[in-house]
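Below, each chain spelled out in residue letters.
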Amino acid sequence: MTCFLAHEGKPRLEQTRRKTFMAHQPDKRIPATLIPGDGIGPEVVEATVKVLDALGRPFEWDVQQAGMAGIKAAGDPLPAAALESIRERRLALKGPLTTPIGGGFRSSNVRLREAFELYANVRPVKTLIPGRYDDIDVVLVRENLGGFYVAHEYYVPIGNDPQAVAVSTGINTREGSKRIARFAFEYALRNGRRKITVVHKANILKALTGIFLEAAREVAKDYEGRVAVDDMIVDACAMQLVLNPWRFDMLLCTNLFGDILSDQLAGLVGGLGMAPGGNVGTDAAIFEAVHGSAPDIAGKGIANPISLLLAAAMMLDHVGLGDAARRLHAAISATLNIDKVRTGDLNGTASTRQFADAICHRLAGT
Ligand code: NAD
């Protein structure tokens, strides 16, 4: 069973998890926040809720808006009501949120991670349909609060150009780096993983990613003989992921590298429609797809809901409903490989709703 327990003197999430697990009786649903999000978000969320209903409706949803939908509903991409809802429930399933490029609002995703100290981003990828790469099974753990994502940026004016030079500062702390490393090693132990590759750019970003590598190596000593560790410069890792992805078991990445490499990993298993993520911290856990709001296909009813369905499976695991998660995994696999129902990104013809219906049909037979 996949576990997402926060560690190192931070037992609160474990307590939360136990509390929610104990709270789950057949007649009592687990309270959770549901954020439909932007673009294809409402479409894949609708499909996922339908499938979860077919699994016995394990969650009691409190629906909240965020992103552009939050601006429309409450004038804020992260309305206070949404934050309060997650604060109370400590558990959420979230559709993608649009972040305008350039000026405008700060990313609601980043704000959410900061608000609930969601320091670990777990992004597993696994081959579900044989294709260009078979038998891929890699878990990427991404530090979720630091690096260049803190986005401390400014311009330096020169002459008539007020924005002649752009400066960005990244921040990684030793404690933060050790915390995410420990999370990754604990995850490896709990989930039978054998090796962690620490991804960095310590040859150039000697301080920013050097401290991350150093901290990971230090933490690794506590796991010697139980979980193997090596490290790789990010550019070499990107190439190896194309040439020989099977050499990797788990990747431990700084924030920006994890963001980029998790999209690359998604590409190995069929694209962004196939990659789930869990943001886990001391105060809450928020599950989502790796992909964004996909404005190019929004409203067409053709988005692949598998990423969010797999994120829902992670959420089921997180609250101790591993059997339901396994049923969901099996239904997705059977729908893709036996029923051959697939959305357009997987060269199929099914709409988002047709795919969800096919999964429900499968679940009804199990
Ligand atoms: P994107 O992930 O939305 O889309 C990239 C490509 O993948 C597009 O061609 C899209 O059609 C395709 N795609 C994505 N999900 C798919 C799915 N489920 N089924 C089929 N095809 C799918 O990336 P983008 O276009 O760079 O970003 C759009 C917006 O989403 C931006 O505002 C970005 O900031 C935001 N974003 C949000 C999150 C999040 O909320 N966690 C993550 C990434 C991007």
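Residues numbered from 1 in each chain as written. Predicted model: local features only at pLDDT ≥ 70, side-chain atom pairs only at ≥ 80, totals over all residues. Heavy atoms only, no water.

**Regarding a nonpolar patch on the surface**
Together, Tyr154, Val156, Ile158 and Val165 line one region of the surface with nonpolar side chains, adding up to about 330 Å² of accessible area. For the nonpolar patch, the leading source of residues is strand 6 (residues 147–158), giving three residues. (Patch = residues over 30% accessible without salt bridge, like charges linked within 9 Å, V, L, I, M, F, W, Y side chains within 5 Å. Areas by Shrake-Rupley, 256 points an atom, 1.4 Å probe, with all protein chains shown as cover. Salt bridge = Lys/Arg side-chain N within 4 Å of Asp/Glu carboxyl O. Helix = DSSP H or I, 4+ residues; strand = E, 2+ residues; numbered from the N terminus.)

**Quick word on the nonpolar core**
By size, the foremost hydrophobic cluster in this structure holds 91 residues, and its most contacted members are Phe59, Leu251 and Leu252. The element best represented in this core is helix 10 (residues 306–318), accounting for 10 residues. Excluding residues within four positions of it along the chain, Leu252 makes contact with Val141, Ile180, Ala181, Ala184, Ile196, Thr197, Val198, Val199, Phe212 and Ala216. Core analysis: the second largest hydrophobic core is formed by 12 residues, Ala66, Leu112, Ala284 and Ile286 among them. (Core = buried A, V, L, I, M, F, W, Y, C linked by side-chain atoms within 4.5 Å. Buried < 20%, exposed > 50% of the residue type's maximum accessible area, 1.4 Å probe, protein only. Contact = heavy atoms within 4.5 Å.)

**As for the pattern of salt bridges**
Where side chains of opposite charge bring their charged atoms close, a pairing between them can arise. Summed over the entire model, instances satisfying the criterion amount to 24 salt bridges. Between Arg89 and Asp62 there is a salt bridge, and its shortest N-O distance comes to 3.7 Å. Of this pair, Arg89 sits in helix 4 (residues 80–89) while Asp62 sits in strand 2 (residues 59–63), placing them 27 residues apart in sequence. Between Asp339 and Arg362 there is a salt bridge, with the nearest N and O atoms lying 2.9 Å from each other. Taken as a pair, Asp339 in the loop between helix 11 (322–337) and helix 12 (352–364) and Arg362 in helix 12 lie far apart in primary sequence, 23 residues in all. The exposure class of Arg362 is partly exposed, given its relative accessible area of 27%. Within the structure, one salt-bridge network assembled from shared partners comprises Asp137, Arg193, Arg194 and Asp249.

**Brief notes about the sheet that holds strand 8 (residues 195–200)**
Read from one edge of the open sheet, 10 strands run 2-1-3-12-11-4-5-10-8-9, paired in mixed fashion. Of all strands in the sheet, those bounded by a partner on one side alone are strand 2 and strand 9 (228–233). Sheet twist, expressed as the average angle between the axes of neighbouring strands with direction ignored, equals 25°. Sheet topology places strand 3 (residues 91–94) next to strand 12 (residues 285–289); four bridges connect them, and they run parallel. Residue pairing for strand 12: Leu93 is matched across the bridge by Phe287. Helix 6 (residues 174–190) contacts strand 4 (120–126), strand 5 (137–143), strand 8, strand 9, strand 10 (250–253) and strand 11 (276–280) of the sheet and is inclined by roughly 155° relative to strand 5. (Pairing = 2+ DSSP bridges. Axes fitted to C-alpha atoms, helices over the stretch in contact; angles between N-to-C directions.)

**Considerations on the layout of surface pockets**
What the largest pocket holds in volume is close to 1,100 Å³. Lining the largest pocket are 37 residues, and of these Thr99, Pro100, Ser107, Val110 and Tyr149 sit closest to its centre. Among the secondary structure elements, those contributing two or more residues to the lining of the largest pocket are helix 5 (108–115), strand 6, strand 7 (161–171), helix 9 (255–268) and strand 12. With seven residues, strand 6 is the single largest residue contributor to the lining of the largest pocket. The residue makeup of the lining of the largest pocket, split by class, is 18 nonpolar, 10 polar and nine charged. (1 Å grid on protein atoms, 1.4 Å probe; cavity = no way out; pocket = protein on both sides within 12 Å on 5 of 7 lines; lining within 4 Å. Points joined across faces, edges and corners; volume = space filled by probe spheres on them. Nonpolar A, V, L, I, M, F, W, Y, C, P; charged D, E, K, R; others polar.)

**Side note on the packing of aromatic side chains**
This model, assessed by the stated rule, comprises four aromatic pairs. Geometrically, the ring pair formed by Tyr119 and Phe183 is edge-to-face, given 6.0 Å between the ring centres and 85° between the ring planes. Note that Tyr119 is positioned in the loop between helix 5 and strand 4 and Phe183 in helix 6, a separation of 64 residues in sequence. Here the two residues Tyr119 and Phe183 agree in accessibility, since each one is buried. On the basis of an interplanar angle of 45° and a centroid distance of 5.8 Å, the ring pair of Tyr133 and Trp246 is categorised as tilted. Here the residue Tyr133 occupies a position in the loop between strand 4 and strand 5, and Trp246 occupies one in the loop between helix 8 (234–243) and strand 10, the gap between them amounting to 113 residues. Overall, Trp246 belongs to the partly exposed group, its relative accessible area being 44%. (Phe/Tyr/Trp six-rings, centres within 6.5 Å; stacked < 30°, edge-to-face > 60°.)

**Focus on the site of the ligand**
Around the ligand, a shell composed of 21 residues is seen, among which Leu97, Thr99, Gly292, Ala294 and Asp296 lie nearest. Thr99 places a main-chain nitrogen or oxygen 2.8 Å from an oxygen atom of the ligand. One of the side-chain N or O atoms of Asn109 is found 2.9 Å from an oxygen atom in the ligand. In isolation the ligand exposes 820 Å². Once the protein is present, 70% of that is buried. Tallied by class, the residues present in the shell around the ligand amount to nine nonpolar, eight polar and four charged. (Near = heavy atom within 4 Å. Polar contact = N/O pair within 3.5 Å; in protein donor to acceptor, adjacent residues only side chain to side chain.)

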